[in-house]
Amino acid sequence: MKKYRIRWDRLAMLLAAVAAVCVAIYYIIIGVIALGSWLLSLFGDFNLSSYMPKSSERKEMPKHVTEQQKAEAMKMTARIDSFMVLPTRLEKGKIAVSIYDLTTQQQIYSYQADKLLTPASCMKIPTAVAALKILGTNHRMRASLQIRGEILRDTLFGNLLLHADADPMVSSLSSLTSKLRKAGVKHIRGNIYLSLAHSDRLVPHPTAKSWDIPFNKTPLLLKGEGIVRRHLMACLSADGISFKRDNSQRPKGKYRCIANVSHPITDPMVPMMRNSSNIMAETILFHLDHKKGLIKNNQTDYSVRHAHETFWQKVFSADTTHRFNQFVFNDGSGLSPDNRLTARALTDMLRYAYSEEDIYNYLVDYALASPFSERRGSLLTRLSRPEYRGRIFCKTGTMTTRGISSIAGYLEGGDGHWYIFAIMNDDSPVAEARMYQDRLLKLMMK
């Protein structure tokens, strides 16, 4: 009888090939889902206005709650409760749900809503709302070139000053230097100074991974003073402006602006909220801290108590249901795995945003992800059916290495009520947690 010997090297190759095929199939499925979502949006958004009522229309709620509306809210509570008792492979102790009915103005469902969990990128919600409230929706981030001295013929005898907020939308200073050149300046004899709101490189919180904010993707004005100075000198040279240091020039008088550029704070907030940009979130957090006078030496400092934490402590000061002293606001993006919030806190933060008309309208009309066209953002492969368009506006959060997934936002239920929801999953397979969240949200919208 012939004996067979196991060839371990061939078996290993076979297993590797099977694994490669499985991975390929997985990515093909994801690609097909994404393509289907894109095609659905492409051919379904010609009459977008039919899916998107104006913010003011969505905001109008009845002054008096009828018995019928109360009954509908009770039915929604029963539907959610029937879903929550269904068996799931997710660990029930690591799930938190909070749902508030805006129409009847009451909390209709809570499941471990006060359990402290890691919010991941849903941490951007308290950052965005605090920044919009403290600074205003019309606040602008500015950068300018200012001169002190006099211009004789084509030469500035004096000082040139770059004064700039940490505006992440500025990718080059060439627009400023070209305006200086158009003002007739070809030579600078004096000194060049920089006054930057953020003089060092932006880095993530120490508890996060150092590569979470890669240098090559960091905006110019957050790469550090040395790089900004070199870039400014290169732009001056490219515009034909020469510079010669002359310490004998001691001009008197005040600096006067000769070129400026600005962007509304809402510009970086769109990629921050819709596409979950961590860099934009940290930029807005430190810009807010800078404007509140909390930054020392204009450098990254995570040891200070950030402005958004102080803001929410004041908002929640009269609400004893929140254990605010146990909340953790390590950063503004959610990169820190040590951040801690509750599902109830997220819904109450969105309730506060709802009470501020400008903030609510901006979040719903522009910033939050929604499953249609250019608004998909982090919902690229989720909730893409046409019947969900204009009915859900949300922020998602994911931390794959920790098995964390969260989602919070505004939703129109199948009963016509508008709801605020927050669902948090901790220590769970992210794909299964997302499916769980989507099933619950779809149930509410049926």
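The residue count restarts for each chain, going from 1 along the sequence in the order it is written. Local features in a predicted model are, by the rule used here, given only for residues with pLDDT of at least 70; side-chain atom pairs are given and counted only at 80 or more, and totals for whole chains, interfaces and linings are based on all residues. Heavy atoms from the whole structure form the basis of all side-chain values; hydrogens and water molecules are not counted.

Trainee: An account of the overall build of the chain is requested, with residue identities and associated values reported.
Mentor: Only DSSP runs of H or I with at least four residues qualify as helices, and only runs of E with at least two residues qualify as strands; both kinds are numbered from the N terminus onward. For the chain, the count of helices and strands is 12 helices and 10 strands. Contacts in the chain between residues far apart in sequence, at least 24 positions, make up 72% of those at least 6 positions apart. By definition in these notes, contact holds between two residues if any of their heavy atoms fall within 4.5 Å.

Trainee: Tell me about the sheet that holds strand E5 (residues 187–196), residues and numbers included.
Mentor: Only strands that DSSP links by at least two bridges are regarded as paired with each other. Ordered in space as E6-E5-E4-E3-E7, the five strands form an open sheet in which the pairing is mixed. Unpaired on one side and paired on the other, strand E6 (242–245) and strand E7 (256–264) mark the two borders of the sheet. This sheet shows a mean twist of 30° between the axes of neighbouring strands, independent of strand direction. Alignment of strand E3 (residues 140–152) against strand E4 (residues 155–164), held across 10 bridges, turns out to be antiparallel. Its bridge partner lying in E4, Leu152 is registered against Thr155. Sheet strands touched by helix H6 (residues 225–238): E3, E4, E5 and E6. Its angle to E5, the strand with the most contacts, is close to 145°. Interaxial angles span 0 to 180 degrees and are taken between N-to-C directions of axes, which are lines fitted to C-alpha atoms, for helices over the stretch in contact.

Trainee: Please give an account of the packing of aromatic side chains that cites residues and values.
Mentor: Only Phe, Tyr and Trp rings take part, Trp by its six-membered ring, and two of them pair if their centres are within 6.5 Å. Stacked means planes under 30 degrees apart, edge-to-face means over 60, and tilted covers everything else. Under the defined criterion, the tally for this structure stands at 13 aromatic pairs. Aromatic rings pair up to connect Phe311, Trp312, Phe316, Phe324, Phe327, Phe329 and Tyr352 into one cluster. Only lysine NZ and arginine CZ atoms are considered, and such an atom sits over a ring when it is within 6 Å of the ring centre and within 35 degrees of the ring normal. Of note, Lys223 hangs over the ring of Phe215, and the distance from its end group to the ring centre comes to 4.9 Å. Across from the ring centre of Tyr100, 4.1 Å away, lies the NZ or CZ of Arg351, which sits over that ring.

Trainee: Explain the pattern of salt bridges residue by residue, including any values.
Mentor: By salt bridge we mean one thing: a side-chain nitrogen of Lys or Arg within 4 Å of a carboxyl oxygen of Asp or Glu. A full pass over the atoms with the stated rule returns 11 salt bridges. Between Lys291 and Asp165 there is a salt bridge; the shortest N-O distance is 3.5 Å. One end of the pair, Lys291, is in helix H8 (residues 278–291); the other, Asp165, is in the loop between E4 and helix H5 (174–182), with 126 residues separating them in the sequence. Judged by its relative accessible area of 40%, Lys291 falls in the partly exposed class. For Arg305, the salt bridge is made with Glu309, and the minimal N-O distance between the two is 3.5 Å. Residue exposure (1.4 Å probe, protein chains only): buried if accessible area is under 20% of the type maximum, exposed if over 50%, otherwise partly exposed.

Trainee: Can you explain the environment of Lys182? Please cite residues and give values.
Mentor: Tracing the sequence through the fold places Lys182 in helix H5. Of the residues examined, Lys182 reaches a relative accessible area of 75% and is grouped as exposed.

Trainee: Describe the sheet that holds strand E1 (residues 95–101), naming the residues involved and giving the relevant values.
Mentor: Strand order in the open sheet formed by five strands is E2-E1-E10-E9-E8, with antiparallel pairing between adjacent strands. Of all strands in the sheet, those with a lone pairing partner are strand E2 (106–111) and strand E8 (392–399), marking the two edges. If you compare each strand with its neighbour and ignore which way they point, the axes differ by 5° on average. As judged from the eight bridges shared by strand E9 (residues 404–412) and strand E10 (residues 418–425), these two strands associate in the antiparallel manner.

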